[in-house]
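Coordinates in review
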Amino acid sequence: MAEFEEPAVQLPDDEENRVILEHCAELFAQPDFVMEPEVKMSAMAFIQAKGEPEDLIERLSENYLALGQTCNLIGDWLADLELEDTAKPKKPGRGRRKAAPVEPASGAFKNCASVHESLESTMASLISRHFSMETVDRIFETDSEVGTEWLPQLITHKAWRRLVYDLSEKNPQCLMLTFCVKLISEAGFQHEISSVNTAARQLDIFCGVLVATLDSLLSEHSRGPGTESYERAFGELVKVACHSEHTYLYTQTILKVLMGRHDGMVRAACGHIANALRDALHKKDQTTAPVDLLLLQSPEDKIPQNAVQAIQTMVSKRELNPGDVVTLHQATSSLYISCTKGRTLRASS
């Protein structure tokens, strides 16, 4: 009677190795994965999971397209052409030796600014055209080291910061771009992100941008308002402060706090800037009466709600209403009576 062999039970280690091999196979199938920083760790994991070294080499070589090297080669060619145009040898004259041909130095592509800028602009346009917020956020959420490895180095270059600003305007809900803008703000480039919508949606980023913009404007104000540099700095503040009602209220509150803590020129400058912001919104046919009334009243002397409503109605319609005038008269009379009683009680005590 034939004996039946029991099927071999798959060990947990074998299952884990199979998962690792499949994951590594997906990575090795990506174009030019051999140029990626994580290729070393992936190759070690593939070998430790009992993968064949020949299979590893074959997968990496089959998917090697040399896209980066091709760009470098074309960049070197363009740099050589630029050097030929800008550094032509002098014609040999009588009694002169024939000038030696000018040879580009090694790594001419890196030393040629025009080629470098052309490559950066082309890459930026391609990234902007094919950018996918869902894909980027998915990678950003799954890989915890994305924001600590290449993003800090990316924001050190002005061209890529400009690309982040443009993408943030088009994709305000992107998590990775929001994190990039936060890194840029923490790195001290607040003055560059005054028009980014993401900065107005996050309090910490908005505070940094507002402080930098106000500091620049106050410095220009000390030299005298009305100059071209002052108008340019004030225009940047208008972009930041007048982005929404919340940003306007926050900016006016900061200016009011500064006026309360300082005196002299600083207090006068803050008052002038607050009035200028109010006038800038009035020129755009936007009313600031609710915010102004909110800033005028204090917790001790709160303006009655019906009086506030009457003032807002008259300001918005730009005409007097007998009913609103009566309401203001009653509120003023009530306030006067309460103040008189308070003084009488203090005098008697």
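Residues numbered from 1 in each chain as written. Predicted model: local features only at pLDDT ≥ 70, side-chain atom pairs only at ≥ 80, totals over all residues. Heavy atoms only, no water.

An unreviewed UniProt entry annotates the protein chain as Negative elongation factor D of Steinernema glaseri. The Subcellular location (unreviewed entry) field of the UniProt record for the protein chain holds the comment "Nucleus". (UniProt positions renumbered as here; feature names shortened; annotations may be inferred.)

Inspection of the secondary structure assignment puts Ser42 in helix 2 (residues 39-48). In this structure Ser42 comes out as buried when scored by relative accessible area, which is 9%. Setting aside residues up to four positions removed in sequence, Ser42 forms contacts with Cys24, Leu27, Phe28 and Phe33. (Helix = DSSP H or I, 4+ residues; strand = E, 2+ residues; numbered from the N terminus. Buried < 20%, exposed > 50% of the residue type's maximum accessible area, 1.4 Å probe, protein only. Contact = heavy atoms within 4.5 Å.)

This structure, assessed with the given rule, holds 4 aromatic pairs. The interplanar angle of 15° and the centroid separation of 6.4 Å between the aromatic rings of Tyr230 and Phe234 together place this pair among those described as stacked. Taken as a pair, Tyr230 and Phe234 lie in helix 14 (residues 228-241) at a separation of 4 residues, close to a single helical turn. What makes Phe234 buried here is its relative accessible area of 12%. Pairwise contacts between aromatic rings join Phe28, Phe33 and Phe46 into one cluster. For the cation-ring pair, Arg161 lies above Phe189, with the distance from its terminal atom to the ring centre recorded as 3.7 Å. (Phe/Tyr/Trp six-rings, centres within 6.5 Å; stacked < 30°, edge-to-face > 60°. Lys NZ or Arg CZ within 6 Å of the ring centre and 35° of its normal.)

Below, the discussion takes up unusual backbone geometry. For residues that are not glycine, phi is negative in most cases, and the peptide bond is trans in most cases. At Lys50, a position not held by glycine, the phi torsion is positive, near 70°. Mapped onto the elements of the fold, Lys50 is located in the loop between helix 2 and helix 3 (53-62).

Moving on, we get to the confidence of the model for the protein chain. Mean pLDDT over the protein chain works out to 77, with 76% of the residues at or above the 70 mark. Averaged pLDDT values for the elements of the protein chain fall to 55 in helix 8 (residues 146-149) and rise to 92 in helix 3. Contacts from residues 1-11, a stretch scored under 50 in pLDDT, to residues over four places away or in other chains number 1 contact. For the stretch residues 95-106, pLDDT sits under 50, and the model shows 10 contacts to residues farther than four places along the chain or on other chains. (pLDDT = per-residue confidence, 0-100.)

Another point: the pattern of salt bridges. On inspection of all chains with the given rule, the structure shows 6 salt bridges. One salt bridge in this structure joins Glu22 and Arg18, with 2.6 Å as the shortest N-O distance. With a gap of 4 residues between them, Glu22 and Arg18 both fall in helix 1 (residues 12-28), about one helical turn apart. Among the residues examined, Glu22 registers a relative accessible area of 42% and is labelled partly exposed. (Salt bridge = Lys/Arg side-chain N within 4 Å of Asp/Glu carboxyl O.)

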